[in-house]
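One-letter residues, chain by chain:
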Amino acid sequence: MGVELPTTEFSDIPDELWLELEAHAHEAAEGHSAVVRLLDEKGGFAAGSKLADAVRALNPEDLRAMYRDMAMIRRFDIEATALQRQGQLSLWVPLRGQEAAQIGSGRATQPQDYLFPTYREHGVALTRGVELGELLRLFRGLSNGGWDPRETGFHLYTLVLAAQVPHAVGYAMGIQRDAARAEARGEDPGDPGAVVAYFGDGASSEGDVHESMVFAASFKAPVVFFCQNNQWAISVPAEVQSRIPLFNRAKGYGFPGVRVDGNDVLAVYAVTQWALARARAGKGPVLIEAYTYRQGAHTTADDPTKYRLSDEERMWLERDPVSRFEAYLRAEGIADDAFFADVAAAGDALAAKARADILSFEAPSLEDAFANVYAEPHPLVAEELAWHREYEAGFADTESAVDADRAQEGGR
Amino acid sequence: MPTMTIAKAINAGLRTALAGDESVLLMGEDIGTLGGVYRVTEGLKSEFGGDRVIDSPLAESGIIGTSIGLSLRGYRPVAEIQFDGFVFPGFNQITTQLAKLHARSKGQLTVPVTIRIPYGGGIGSVEHHSESPEALFAHTAGLRIITPSNAHDAYWMTQQAIASEDPVIVFEPKRRYWLKGEVDTEDPGTSADPFRAHVLREGTDATVVAYGPLVPVALAAAEAAAEDGRSVEVIDLRSISPIDFDTVIASVEKTGRLVVAHEAPTFGGIGGEIASRVSERAFLSLEAPVIRVGGFHMPYPVAKVEEHYLPDIDRILEALDRAFSY
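The rules behind these values
- Residues numbered from 1 in each chain as written.
- Chains lettered and ligands numbered in written order.
- Predicted model: local features only at pLDDT ≥ 70, side-chain atom pairs only at ≥ 80, totals over all residues.
- Helix = DSSP H or I, 4+ residues; strand = E, 2+ residues; numbered from the N terminus.
- Rg over C-alpha atoms; globule rule 2.2 N^0.38 Å.
- Buried ≥ 20, exposed ≤ 12 C-beta atoms within 10 Å, placed from the backbone.
- Pairing = 2+ DSSP bridges.
- Axes fitted to C-alpha atoms, helices over the stretch in contact; angles between N-to-C directions.
- Contact = placed C-beta atoms within 7 Å.
- Core = buried A, V, L, I, M, F, W, Y, C linked by C-beta atoms within 7 Å.
- Domains from an automatic or database assignment.
- Nonpolar A, V, L, I, M, F, W, Y, C, P; charged D, E, K, R; others polar.
- pLDDT = per-residue confidence, 0-100.
- Parallel < 35°, antiparallel > 145°, perpendicular 65-115°, else oblique.
- Left-handed = near helix turned anticlockwise from the far one by under 90°.
- Right-handed = clockwise from strand over helix to strand, strands pointing away.

1. What to know about the overall build of chain B
Move 1: Counting its secondary structure elements, chain B contains 12 helices and 14 strands.
Move 2: Here the C-alpha atoms of chain B give a radius of gyration of 19 Å, agreeing with the 20 Å that 2.2 N^0.38 yields for 326 residues.
Move 3: Each of the three principal axes of chain B carries a C-alpha extent, and together these read 60 × 40 × 40 Å.
Move 4: Looking at chain B as a whole, 59% of its 326 residues are labelled buried.

2. A word on the sheet that holds strand S2 (residues 195–200) of chain A
Residue and element names in this part refer to chain A.
Move 1: Strand order in the open sheet made by the 5 strands is S1-S2-S3-S7-S6, with parallel pairing throughout. Single-partner strands in this sheet number two, and they are strand S1 (114–116) and strand S6 (257–261). Averaged over all neighbouring strand pairs, the angle between strand axes comes to 20 degrees, with direction disregarded.
Move 2: Pairing geometry for S2 and strand S3 (residues 223–229), over 6 bridges, is parallel. When the bridges of S3 are listed, Gly 200 appears paired with Gln 228.
Move 3: Seen against the sheet, helix H8 (residues 164–184) touches S1, S2 and S3 and runs at an angle of roughly 170 degrees to S2.
Move 4: Relative to strand S7 (residues 286–291), helix H12 (residues 265–280) is tilted by about 170 degrees, and along the sheet it contacts S3, S6 and S7.

3. Concerning the nonpolar core
Move 1: Core analysis: the largest hydrophobic core is formed by 196 residues, its most contacted members being Val 223 and Ile 288 of chain A together with Val 208 and Val 259 of chain B.
Move 2: Looking at which element gives the most residues to this core, the answer is H12 of chain A, with 12 residues.

4. Focus: the sheet that holds strand S9 (residues 198–201) of chain B
All names here are of chain B.
Move 1: Read from one edge to the other, the open sheet built from 5 strands follows the order S9-S11-S10-S13-S14, with strand pairing classed as mixed. With partners counted over all chains shown, the strands left at the sheet margins are S9 and strand S14 (291–295), one partner each. Sheet twist, expressed as the average angle between the axes of neighbouring strands with direction ignored, equals 25 degrees.

5. A look at the domain arrangement of chain B
All names here are of chain B.
Move 1: Assigned domains within chain B: domain 1 (3–192) and domain 2 (198–324).
Move 2: Just the C-alpha atoms count here: the centres of domain 1 and domain 2 sit 26 Å apart.
Move 3: Listed by partner, the interface residues are 23 residues for domain 1 and 20 residues for domain 2.
Move 4: Elements with a minimum of two residues in the side of domain 1 that touches domain 2: helix H6 (134–138), strand S6 (144–146) and strand S7 (168–173).
Move 5: Split by residue class, the side of domain 1 that touches domain 2 holds 7 nonpolar, 10 polar and 6 charged.

6. Quick word on the confidence of the model for chain A
Residues and elements named next belong to chain A.
Move 1: Looking at chain A, pLDDT values average 89 and 88% of them are 70 or higher.
Move 2: Predicted confidence is poor over residues 1–14, with pLDDT under 50, and the contacts of this stretch with residues over four places away or in other chains come to 35 contacts.
Move 3: For the stretch residues 28–32, pLDDT sits under 50, and the model shows 8 contacts to residues farther than four places along the chain or on other chains.

7. Section: the interface of chain B and chain A
Move 1: Across the boundary between the two partners, chain B contributes 36 residues, which contact 39 residues of chain A.
Move 2: Elements supplying a minimum of two residues to the side of chain B that touches chain A: helix H3 (60–72), helix H4 (91–98) and helix H5 (101–104) of chain B.
Move 3: Residue classes in the side of chain B that touches chain A are distributed as 10 nonpolar, 20 polar and 6 charged.

8. A few points about unusual backbone geometry
Move 1: Geometrically, the link from Ser 241 of chain B to Pro 242 of chain B is a cis peptide bond, its omega value of 0 degrees lying close to zero.
Move 2: Position of Pro 242 of chain B relative to the elements: it lies in the loop between strand S12 (239–241) and helix H9 (245–255).
Move 3: A positive phi angle is found at Ile 234 of chain A, which is not glycine, with a value near 50 degrees.
Move 4: Inspection of the secondary structure assignment puts Ile 234 of chain A in the loop between strand S4 (232–233) and strand S5 (236–237).
Move 5: Phi at Asp 30 of chain B is positive, roughly 65 degrees, even though this residue is not glycine.
Move 6: Along the chain, Asp 30 of chain B turns up in the loop between strand S2 (24–28) and helix H2 (44–48).
Move 7: Judged by the 16 C-beta atoms lying within 10 Å of it, Asp 30 of chain B falls in the partly exposed class.

9. What to know about the environment of Asp 320 of chain A
Residues and elements named next belong to chain A.
Move 1: Note that Asp 320 resides in the loop between helix H13 (310–317) and helix H14 (321–331).
Move 2: For Asp 320, a count of 20 C-beta atoms within 10 Å corresponds to the buried category.
Move 3: Through-space distance from the C-alpha of Asp 320 to that of Tyr 293 is 8.9 Å; in sequence the pair is 27 residues apart.

10. A short note on the packing of helix H3 (residues 60–85) of chain A against H14 of chain A
Residues and elements named next belong to chain A.
Move 1: With their axes 10 Å apart at the nearest point, H3 and H14 run at an angle of 150 degrees to one another. By the angle between their directions, the pair H3 and H14 is classed as roughly antiparallel. Regarding H3 and H14, the two cross each other, and that crossing is left-handed. Where H3 abuts H14, its residues Leu 63, Tyr 67, Met 70, Ala 71 and Arg 74 lie against Pro 321, Val 322, Phe 325, Glu 326 and Leu 329.

11. Brief notes about the pairing of S3 of chain A
All names here are of chain A.
Move 1: For S3, the buried fraction is high: 7 of the 7 residues fall into the buried class.
Move 2: Of the two faces of S3, the one holding Val 223, Phe 225, Cys 227 and Asn 229 and the one holding Val 224, Phe 226 and Gln 228 are both buried throughout.
Move 3: In this fold, the crossover linking S2 to S3 by way of helix H9 (residues 207–219) has right-handed handedness.
Move 4: Bridging between S3 and S7 involves 6 bridges; their strand directions are parallel. In the sheet register, Phe 226 faces S7, and the bridge partner there is Ile 288.

12. Digging into the confidence of the model for chain B
Move 1: With 100% of its residues at a pLDDT of 70 or more, chain B shows a mean pLDDT of 98.
Move 2: Reported for the predicted complex are a pTM of 0.94 and an ipTM of 0.97.

13. A closer look at the pairing of strand S11 (residues 232–236) of chain B
Residue and element names in this part refer to chain B.
Move 1: Counting buried residues in S11 gives 5 out of 5 residues, a clear majority hidden from the surface.
Move 2: Here 5 bridges tie strand S10 (residues 206–210) to S11, and the two strands are oriented parallel to one another. Opposite Val 208, over in S11, you have Val 234 as the bridge partner.
Move 3: Handedness of the crossover is the feature at issue here: the chain leaves S10, passes through helix H8 (residues 215–227), returns alongside S11, and the resulting connection is right-handed.

Quick look at the structure:
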């Protein structure tokens, strides 16, 4: 491989911290329980490490914004779940419990980065400025993802498990080439961005994840594999997907793996920033395993009482990412009652907007589906569209005839 | 006008595309230093560098999947699948992702990926090296599928596939890689549209439609039929998706009889699709049912018996006899 990425500077986290994390990653590969964490379950902050210092340097406004995102997407998620129960969505995929993993990682990205989500990354979508109504359209059966990924750097949801992961690696290989070409032309490539590939513990078993990690390692692609281990792939526990902690798999591919407490938004944020900085610097991929929990069902069509114990659910509720971060912000004096009341009101407004939006969405017509099967004209599609129009027009004739009859009858 | 083999013509087509557009990349197993197991990409890595002619890990889903990602970043990847029977690890990426991304994104994203697949039998090879899986892909909306039968088309269709904004699979007739022909590298002529069928031989009594490796067989069968006083028109379909039905229908309206020949099994194949369309659009012109010639409903057989499996001149003549018996 001839591609060499130029080194880019990334100053949010000091070099020593990256080294510390890298050392940690290699150490952790031997042990099974190591996890990067800054906030304990009560929101207590573990000071005294470089990682802690780096997060300490975060602006209080950023911290409040981080909390706001988490609370807002939780409220949106509750509303969407209710809308499904009320028949307004055909399905919803709740993210409850994974807010820290999603907001922490999403907020660690830069505008020039490109993210490939699964179908549960509503929180990441929020951090990338995706209009949340688009998510509702998808689950209402109106679109398969209507946002423009090039505007937000947030790719369409992918429902075929892990299929988006090699796309992420290919995209990262493209970034490498863009940078190398800019350099060859004597231009400063600036920061061309890095890529995040989201997937879950279930999808980690898919061959596409394996192939992606091989490609990424071989070509040192600037991609961060972000695995949210939420413990359950519908009804199958994570132990069935892997007999070793998932992050340890990275070692087999030849790049670092880190397990981070996925319910600790500060740790997720810091580790993701480190991994992205490493990718930008041309050092290749990292696997982050965000150890978290799916508090709700896999989808609204699922019933977790069939396969898991309420004791387990209770235990994870005590580790809830939103209340943990709230406790931290209060203890540190970063946010007060007025702030939390304001966020709650904003969440309710977002939920009300979602409810109003959903009833205002116009239904697409099948004609729209003919339009983009191909990018260039296609005779079969044109022929079938013409037939479809004629067929539908026949019904219009019938309807207008019926209307005319009715009008006549009414006139008598 | 230079004469070259189909393999060389594809090589020349790839070279022209690489030279003309910096966003064109080649990726596949053994395509770089080795130049491909059929040497189709020979010399391209040394000319354009390993950055653009990429020896990939041995993983078909990864090859297609990363090609999709590269195309999303603005590149035009040309992925080589080493043999027809090895495309299936990449089948998911091709059918659920590549074929659908343009539609899923409401036209906002394009994925101009080209997939080259050497296909077909007749080379005495081991399992999985002789198959014709084109119908499996033709059934998937969003893909375009073309197959050259001669060097001129191979040169131009390779470039046309790369230039297309849609994903295109080019099935290359591997047993014809060494078939020589004249290539006009200045002017595609009648090959300007890769999705149009070509009437290669005019006739009045029956039509034979073939594509890829069976085109020379169909021409030879028409020659043999002429000795029996039968005037057979031969059409090289060239494009399997979309299919140029207009050219086929026009021919059948003239001849009244149609035989469709391909190496792939007849059941659920392209021949059935053509037969159905012709019966819908040219029923009153038909003097006989459309007859299909193709592989049997079995896994591709072992090499020592493949000559009895593959359609040959006699099988096409037998089908013509049946068509004339009505």
